[in-house]
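Residue-level structure breakdown
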Amino acid sequence: MQTNSHASHYQARLPAADGRIHYDDSDHATWQQLIQRQMSTLPNRACDAYLLGLEQLALPHDRIPQLKEINQVLQPASGWQVVQVPALISFDQFFTLLANQQFPVATFIRSQQEIDYLQEPDVFHEIFGHCPMLMQPDFAQFTHCYGKLGLRASPQDRAFLARLYWLTVEFGLIDSSQGIRIYGGGILSSYAETRYCLLGDGLSEPQRKDFALLEVLRTPYRIDIQQPIYYVIDRLETLYQLTRLDLMAEVIKAKRLGLLKPLFPT
């Protein structure tokens, strides 16, 4: 989730007169470094739906793709489009775009100094991390309904909805016949977190718990650390089923109960 809650030192690149976004050679080299590293890491870690979507998108490895190229595959398959946005956008913009089946992509790529992690979602995170899952109908429908729900929610309620998004779309895990796999884009675009969420790092082991909506809504998170807890859904249809519930009634319950104790220093 990208919002303007803090200032960004990155600036999104704008389309030129020919309609294309022109990146320099170092930008393309960073994309190539990131995608090749992740492609070697994802086997036996990413879920099948993500890997299928990634195959269908056929992302180039030697350059940053144009958003038009992504839409030529994504829109016919799912009804979704990617749209160019600044480095950070408001909650109102974010929810409006999702409600209209438009996924925001900030058209900049991280610097070499932040190659392993940055707080702002860059073009690699958005395209490589999220777009393959938008090819999957249950995931796409959940994201669409989430946007419509957030658009109507109060600022206080949006904070609870943000936890749902963070612990599913960004950092969600799914059970499968081959074991636990990753579907969250925040993990899939991160070399370190792809390994950490399933294996730990030798020093610490994250918690992995079965998905429980009320608990997820009450779980604090931080954006600047590897996650101390991941919630595991049993199948992608679980996300679609959430759209059939009265989610705002669950938010009211979560507000009444209050947040759980954070699993990180505060």
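Residues numbered from 1 in each chain as written. Predicted model: local features only at pLDDT ≥ 70, side-chain atom pairs only at ≥ 80, totals over all residues. Heavy atoms only, no water.

Quick word on the sheet that holds strand β6 (residues 229–233)
To keep it simple, the criterion reads: The pairing criterion is simple: DSSP has to find at least two bridges between the two strands. In this description a helix means any DSSP run of H or I spanning at least four residues, a strand means any run of E spanning at least two, and both kinds are numbered starting from the N terminus.
Taken together, four strands build an open sheet; the order of strands is β4-β3-β6-β5 and the sheet is mixed. A strand with exactly one partner marks an edge of an open sheet, and here the two such strands are β4 (181–182) and β5 (207–210). One ladder, built from two bridges, connects strand β3 (residues 173–174) with β6; its direction is parallel. In the strand pairing of β6, L173 is matched with V232.

With respect to the nonpolar core
This is how the line gets drawn: We call a set of buried residues a nonpolar core when its members are Ala, Val, Leu, Ile, Met, Phe, Trp, Tyr or Cys and they connect through side-chain atoms within 4.5 Å of each other. Think of it in three bands: with a 1.4 Å probe and only protein chains considered, a residue is buried below 20% of the maximum accessible area for its type, exposed above 50%, and partly exposed in between. Should any heavy atoms of two residues lie within 4.5 Å, those residues are considered in contact.
Grouped together as the largest cluster of nonpolar side chains are 81 residues, with contacts concentrated most on Y50, L59, L164 and Y183. Residues contacting L59, with those up to four places away along its chain left out, are W31, I35, L54, P65, I70, I127 and F128.

Remarks on the environment of D48
You can see D48 is positioned in helix α2 (residues 48–57). On a C-alpha basis, the gap between D48 and R181 in space is 8.4 Å, while along the polypeptide they are 133 residues apart.

Focus on the pattern of salt bridges
Here is the rule: Whenever Lys or Arg places a side-chain nitrogen within 4 Å of a carboxyl oxygen from Asp or Glu, that contact is recorded as a salt bridge.
If you walk through the whole model with that rule in mind, you get 13 salt bridges. Note that D116 is salt-bridged to R37, the shortest N-O span being 2.8 Å. One end of the pair, D116, is in the loop between β2 (102–106) and α5 (123–134); the other, R37, is in helix α1 (residues 25–41), with 79 residues separating them in the sequence. According to the relative accessible area criterion, D116 is partly exposed, its value standing at 44%. Between D92 and R158 there is a salt bridge, with the nearest N and O atoms lying 2.8 Å from each other. Here the residue D92 occupies a position in helix α4 (residues 91–99), and R158 occupies one in helix α7 (residues 155–170), the gap between them amounting to 66 residues. R158 sits in the buried class, given a relative accessible area of 11%. Residues joined by salt bridges that share partners form a network here, namely R13, D24 and D27.

Observations concerning helix α12 (residues 247–257)
What counts here: Comment: arc refers to directions from the helix axis out to C-beta atoms.
Every buried residue of α12 is accounted for by L247, M248, E250, V251 and A254. One face of α12 carries all of its buried residues, which in axial projection span an arc of 150 degrees. Structurally, α12 contributes buried residues whose contacts are with α6 (137–152), α7, α10 (213–217) and α11 (237–242). One or two positions beyond α12, positive phi appears at G258, with a value near 85 degrees.

A look at the packing of aromatic side chains
Note the following rule: Pairs were defined over the aromatic rings of Phe, Tyr and Trp, the Trp ring being its six-membered one, requiring ring centres within 6.5 Å. Orientation was assigned from the angle between planes: stacked under 30 degrees, edge-to-face over 60, tilted for the rest. Put simply, a charge is over a ring when the Lys NZ or the Arg CZ is close to the ring centre, within 6 Å, and near the line of the ring normal, within 35 degrees.
Enumeration over the complete set of coordinates arrives at 13 aromatic pairs. Consider the rings of F139 and Y183, whose centres lie 6.4 Å apart with planes at 80 degrees: the pair is edge-to-face. In this pair, F139 sits in helix α6 while Y183 sits in the loop between β4 and α8 (185–188), placing the two residues 44 residues apart along the sequence. Taken individually, F139 and Y183 each receive the classification buried, so the pair is uniform in this respect. One aromatic cluster is present, built from ring pairs that chain together F91, F94, F95, F142, Y146 and Y165. Its guanidinium or amino end placed over the ring of F160, R163 lies 4.6 Å from that ring's centre, counting from NZ or CZ.

Some words on the side chain of D122
Relative to the assigned elements, D122 resides in the loop between β2 and α5. Among the residues examined, D122 registers a relative accessible area of 0% and is labelled buried.

Things to note about the state of the cysteines
Using the following cut-off: The disulfide criterion is simple: two cysteine sulfur atoms within 2.5 Å.
Across all of its chains, the model carries zero disulfides by this definition. As a non-bridged cysteine, C47 has C197 as the owner of its nearest cysteine sulfur, 11 Å distant. Assessed through its relative accessible area of 0%, C197 is described here as buried.

Function cannot be inferred from these measures alone, as they are strictly geometric.
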